[in-house]
Amino acid sequence: MDKGQKFSVWYFFIAIIVAWLFAEYIYKPYAESKSEVPYSEFLADLDAKNIESVDITESRIIYSLKEGATVSPDKRPIIGGVILSNRKTKQSANSIKSVVKLVDPLLIEKLSNAGIKFGGVARNGAVDLLMGILLPMLPLIIIWYLIFRNMGGSVGAGGIFSFGKSKARELQGEMTAVHFSDIGGAGEAEVELREIIDFLKEPKRFDKFGAKLPRGVLLVGPPGTGKTLLAKATAGEAGVPFFFITGSSFVEMFVGVGAARVRDLFGQAKKKAPCIIFVDEIDAIGQSRMRNFNSNSEQENTLNQLLTEMDGFEANNGVVIMGATNRPEILDQALTRPGRFDRQIQVVLPTEEGREEILKIHTKKLPLAPEIDLRAIAKVTPGFSGADLANIANEASLLAARRKAEHVTMNDFDLAIERVVAGLQRKTPLTPEIRKKVAYHESGHALVACYLPGSDPVHKVSIIPTTKGALGYTLQMPTEDQYLISESELKNRMAVMLGGRAAELLIFNEGSTGASNDLERVTEIARRMVTEFGMSEALGPVRYAAPSMTYLAGATQAREDTGDNTARTIDEEIKRFVIEAQENALNILRTHEKVLHEVAKTLQEKEVINHEEIQAFVDKEKEEASS
């Protein structure tokens, strides 16, 4: 037996059951069948007074012969098909034979007259009763044991079935196989994490100055920015053990399990110090207790234990806990205070240079064509996270493989970006009337963007339906990252979004359901202008929006203390901004209606037009106007 294996009473119990089943239902029937003789031979032995004793069971008669008993001539043994001589053959002492029991009312009388000892085989009633209860329940007991073992680990310390054992996965630093060279666009986050690495590698250098190792590091940022990768890279660079666990793994249906797992996790970490504990999605257990009115909740008990382990009476020398979350605003203040999570590192969306670094990493193994310009791709993908860029590189390689090409081209990357933004094109037949409306709708978006100053350039216009439900799309590609947007730029964006609806009203004198998404986005921008950015003269520079989630923001909601009159004014101002944007788009399209017809006609013929083709129509109109 291996040293890691432990003896279990379950093995002994199962072995007894198996042995009893084998003896009762396999060996015993087999032995009885081998010693079975005809009933006539039993009567012959009885008449010859060869029988020593008889035991009568429910189904058989088991008898033993006297020592030196002989077989009568009519029962001569046959060996190898040859009948032995007529001499009587001696039997071995106490030879036992078995006979199938028949209904013979004179049997008892015959045995009594022959002076033979007889009786019934005694059965162990207690054993039979116990086996009758245990055998039906045995499958249920085994299933119950396996389920609870899988839920809590092997039987041992840490609570019954080890529910309190931590589910953290331990990796040695080098086993994470991730380093900062494998992550691009980290920027300042990498600089701050390298200080943690220096602490873990050379603690004496910092002890000389009385510096203390940070207790915790909280990585905060939008989804897909590489928070988990940064944690793995920190462990990989430092070369220390890395314990990985998700916040939801602490919480179970049983009370006290979460707190026990926290204790077990920190107990393991202290033995492996210096090391890193990484809790992904820590908001699952670290939500503010002000939000939970159940003071005895399992989540609160788990959080309390985590707070104690991070900064309690015992020091966690050499243990750094790292957390990652998309929702820092809901975390408990006791968790984010200095002494627990000493540092909050913002992992933001990558800049243009960062996006180029990420693309270089993810295209390192791709057979790129010579004309590939990663800087150009990075320039037209502002707002894309590291995960988005990795997806684009993968989609481009899949498109090249589908074409059976030797290299991945710029066209593959363009199509990959479109697929991520607009969705996969699908072949949906459109009637000529719907096709015409879609063409004018998308042409309206494109032309308003071309004629409004400061708008993002139009990259491509398509009337091919996509898997995201759009019958067409206008793709704009920003030329640079924008960190600040003025009021006029927001109004221009709204006008571009309503350019499609304005074209429908201008050409067909009615709108359609195709502008539903445009209206939703425009209304949200207008609401934020009024309630968040203080851009309404009627309401003034006052914030009326409720606090929103930093990285997972949904629709903006008004504050609960907003009065009825103020709410009515907010709605009126939102309506005014939207109507002004629509009128602005209508005025542009009325002025350039000829170009609108030309672009829409070309779009119906070709289905897809690019920036150069649209710009050619615009330049042609300018030349005609100047001549």
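About the criteria used
Residues numbered from 1 in each chain as written. Predicted model: local features only at pLDDT ≥ 70, side-chain atom pairs only at ≥ 80, totals over all residues. Heavy atoms only, no water. Patch = residues over 30% accessible without salt bridge, like charges linked within 9 Å, V, L, I, M, F, W, Y side chains within 5 Å. Areas by Shrake-Rupley, 256 points an atom, 1.4 Å probe, with all protein chains shown as cover. Salt bridge = Lys/Arg side-chain N within 4 Å of Asp/Glu carboxyl O. Helix = DSSP H or I, 4+ residues; strand = E, 2+ residues; numbered from the N terminus. Buried < 20%, exposed > 50% of the residue type's maximum accessible area, 1.4 Å probe, protein only. Expected span 1.5 Å × (residues − 1). Pairing = 2+ DSSP bridges. Axes fitted to C-alpha atoms, helices over the stretch in contact; angles between N-to-C directions. Contact = heavy atoms within 4.5 Å.

With that settled, consider a nonpolar patch on the surface. A contiguous nonpolar patch, built from I14, V18 and I142 and spanning about 220 Å² of accessible area, is present on the exposed surface. Looking at the secondary structure, you find I142 in helix α4 (residues 125-152). Take I142: its relative accessible area is 33%, and that puts it in the partly exposed class.

Within the structure shown, the criterion is met by 21 salt bridges. Between E195 and R343 there is a salt bridge, and its shortest N-O distance comes to 2.7 Å. Taken as a pair, E195 in helix α5 (residues 188-201) and R343 in strand β14 (residues 343-346) lie far apart in primary sequence, 148 residues in all. We classify E195 as partly exposed; its relative accessible area is 33%. If you follow the salt bridges from partner to partner, you end up with E352, E356, K360, R375 and K379 in one network.

Glancing now at helix α8 (residues 257-271). Helix length check: α8, at 15 residues, gives a terminal C-alpha distance of 21 Å against a target of 21 Å (1.5 Å per residue), a fit within 8%. Within the sequence span of α8, burial applies to V257, G258, A259, A260, R261, V262, L265, F266 and A269.

A few words now on the sheet that holds strand β15 (residues 458-462). The sheet built from three strands is open, its strands ordered β16-β15-β17 with antiparallel pairing. The sheet is open, and its two edges are formed by β16 (473-476) and β17 (608-610), each paired on a single side. With strand direction ignored, the average angle separating the axes of adjacent strands in the sheet is 10°. Where β15 and β17 come together, three bridges link them in antiparallel fashion. Bridge assignment links V461 to a residue of β17, and that residue is I609. Against the sheet, helix α21 (residues 611-626) engages β15 and β17, with an angle of about 75° to β17.

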